[in-house]
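Coordinate analysis (summary)
Okay, here's what each chain looks like letter by letter:
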Amino acid sequence: MKRSVIAPTWLGGTLSPPGDKSISHRSAILNAMAKGEALVTNYSTGGDCESTLRCLRALGVPIRRMDQEGSLVIQGVGLDGFREPDNILNAGNSGTTMRLLSGLLAGQPFLSIVTGDGSLRSRPMDRIIKPLRLMGARIQGRDNDSKSPMVISGGGLRGIEYTLPVASAQLKSCITIAALFAEGETTLHQPAASRDHTELMLQQMGATLVQDGLTVKVEPGHRLNSLNVNVPADISSAAYWLVAGVCHPSARVTVTNVGINPTRAGIIDALLSMGARLTITNRRTEGGEEVGDITAESSDLTGTEVAGDLIPRLLDEAPVLALAACFAKGTTVFRDAQELRVKESDRIKTTVQELSRLGADIRETADGMVVRGTGRLKGAVGQSHGDHRLAMTLGVAGLLTQGETEIRGAAVASISYPGFWNDLDKLAGDG
Ligand code: S3P
């Protein structure tokens, strides 16, 4: 599918993007491990979260969809109620599904095989294979134990003390989930804070888990209580409209009910440091997660540095932030962002390539990008590279360029945001 976008003269409106992808995955996986029934509302309608439900069902977890808007009832089977899947588990495009489920499978006394699509099969799995082996799991992967498909023969785990080599929430959550099945405590040391949705949810479910700075301690042997979850809107999806709102010369866009957990809200901090006019209202805490409404208005941006501890807090928003940097005065430098190279695409390469087509002054570095703001881009034909975040970044670029922008491979947006193109039309059309 391809889409054409033309910049409107006015961009405006209010909308709520779909449920947070990260919180949705966790609400399904952790409730499957609990005893009892849980109601999850506003579960992400994206393809990735559907992959998680498909895999859990294959492991014997009853899940009932209540409506098309994302209400689910999950019948938890408890830590020892999963059954051996009778086929290969397919995580599709979803790294979170594959890595978090592998932690669960490492704790099961049966055999499972996990695979994914072409993009996921090229992504690093040695980062989970190593610690799961240290815990006692028998696990092997393709390409010298570095990639999927992986074969897991679980059970008999023991707790470990482990220093994560990367600030990855998927890795942290994989080991944390395995730790719940292990004998003895597990202690994890992180190089920088990554999203802590797993920790927050497990604490509410009755697990003994302590976060102390960058250290997470997990004690096994506690049964998990099921937890009703009302998933907030995804800040990673809201980010497209925030950037559109601050970069468009005549705009006012509000996104409501957005999760603004501080470990995820780096995009807000980065845009504010660039001078963006963003206001957060209706701040509240729901289910341990901070939530609010965010309004973005046309702004005069200046370049900034995006590096260090900020990177894991805005990782998925880097492509659209690079787009914002094209409209800022001065230079924006992304550093310490080499993890971008092992996402659904090599996002340093694909972002630089695609924004260059639109006339951006942007170049690749080993661990990031350098963007010199020119204040304008011109319409061209762009390619999503099968990466949802690239497709949506190009969609927003189309709202800001002179002349028409065509996005090839646009349908992939549905991996996290099935209504993206409709919402884009709505914001552009209201103007
Ligand atoms: C995710 C963590 C991030 C992020 C991904 C979702 C999660 O990856 O890029 O889209 O739900 O845990 P890492 O923190 O593993 O790099």
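Because the structure is predicted, anything quoted here is derived from the model rather than measured. Sequence order sets the numbering: in each chain, residues are counted from 1 along the sequence as written. With pLDDT at 70 or above as the cut-off, local features in this predicted model cover only qualifying residues; side-chain atom pairs require 80 or more to be listed or tallied, and sums for whole chains, interfaces and linings still use all residues. Note that the side-chain values use all heavy atoms of the structure and ignore hydrogens as well as water.

1. Remarks on the sheet that holds strand β19 (residues 331-334)
- Being paired, for any two strands, means DSSP has found at least two bridges between them. By definition, any uninterrupted DSSP run of H or I lasting at least four residues is a helix, any uninterrupted run of E lasting at least two residues is a strand, and each is numbered from the N terminus. Reading across the sheet, the four strands line up as β18-β19-β21-β20 and stay open at both edges, with mixed pairing between neighbours. Of all strands in the sheet, those with a lone pairing partner are β18 (305-306) and β20 (361-365), marking the two edges.
- Across five bridges, β20 lies against strand β21 (residues 368-372) in antiparallel orientation. Along β21, the bridge assignment pairs D361 with R372.
- Those strands touched by helix α12 (residues 318-326) are β18, β19, β20 and β21, and its axis lies near 20 degrees from that of β21.
- The contact criterion used is simple: two residues touch if any of their non-hydrogen atoms lie within 4.5 Å. Axis definition: a line fitted to C-alpha atoms, limited for helices to the stretch in contact. Angles are taken between N-to-C directions and run from 0 to 180 degrees. The strands that helix α13 (residues 347-357) touches are β20 and β21; relative to β20, the one it contacts most, it runs at about 160 degrees.

2. Some thoughts on the pairing of β19
- Because side chains alternate across β19, one face comprises the buried residues T332 and F334, and the other comprises T331 and V333, none of which is buried.
- One ladder, built from two bridges, connects β18 with β19; its direction is parallel. In the strand pairing of β19, V306 is matched with F334. Per-residue accessibility, obtained with a 1.4 Å probe over protein chains only, is compared with the maximum for each type, and a residue is labelled buried under 20%, exposed over 50%, and partly exposed between these values.

3. Some words on the side chain of Q190
- With respect to the helices, strands and loops of the structure, Q190 is situated in the loop between β11 (186-189) and α8 (197-204).
- Whenever a nitrogen or oxygen atom comes within 3.5 Å of another N or O atom, the pair is scored as a polar contact, on the condition that within protein one atom can donate a hydrogen and the other can accept it, and that pairs from neighbouring residues in sequence are kept only if both atoms are in side chains. Reaching out from Q190, the side chain makes a polar contact with the side chain of S194 at a distance of 3.4 Å.
- Contacts of Q190, omitting those with residues within four sequence positions, involve L164, K172, L214 and V216.

4. A short note on the domain arrangement of the chain
- Here the domain parsing of the chain yields domain 1 (2-19 + 232-430) and domain 2 (21-230).
- An automatic or database domain assignment provides the domain bounds reported here. Here domain 1 and domain 2 have C-alpha centroids that lie 28 Å from each other.
- Values labelled buried area give the accessible surface lost by two parts on being combined, using a 1.4 Å probe and summing over both. The junction of domain 1 with domain 2 conceals about 2300 Å² of combined surface from both sides, 44% of it contributed by carbon and sulfur atoms.
- Sorting the residues of domain 1 by area buried against domain 2 places R264, E344 and I415 first, and these three jointly supply 22% of that buried surface.

5. What about the sheet that holds strand β3 (residues 35-41)?
- Reading across from one edge, β4-β5-β3-β14 is the order of the four strands in this open sheet, with mixed pairing throughout. This sheet does not close on itself; its edge strands, each paired only once, are β4 (63-65) and β14 (229-230).
- Across the face of the sheet, helix α2 (residues 47-58) comes into contact with β4 and β5 (72-77) while running at roughly 140 degrees to β4.

6. Describing the nonpolar core
- Residues grouped as a nonpolar core are buried Ala, Val, Leu, Ile, Met, Phe, Trp, Tyr and Cys residues, joined through side-chain atoms within 4.5 Å. Of all hydrophobic cores here, the largest spans 72 residues; its most connected members are W241, L271, L321, L323 and F420.
- Looking at which element gives the most residues to this core, the answer is helix α9 (residues 235-247), with ten residues.

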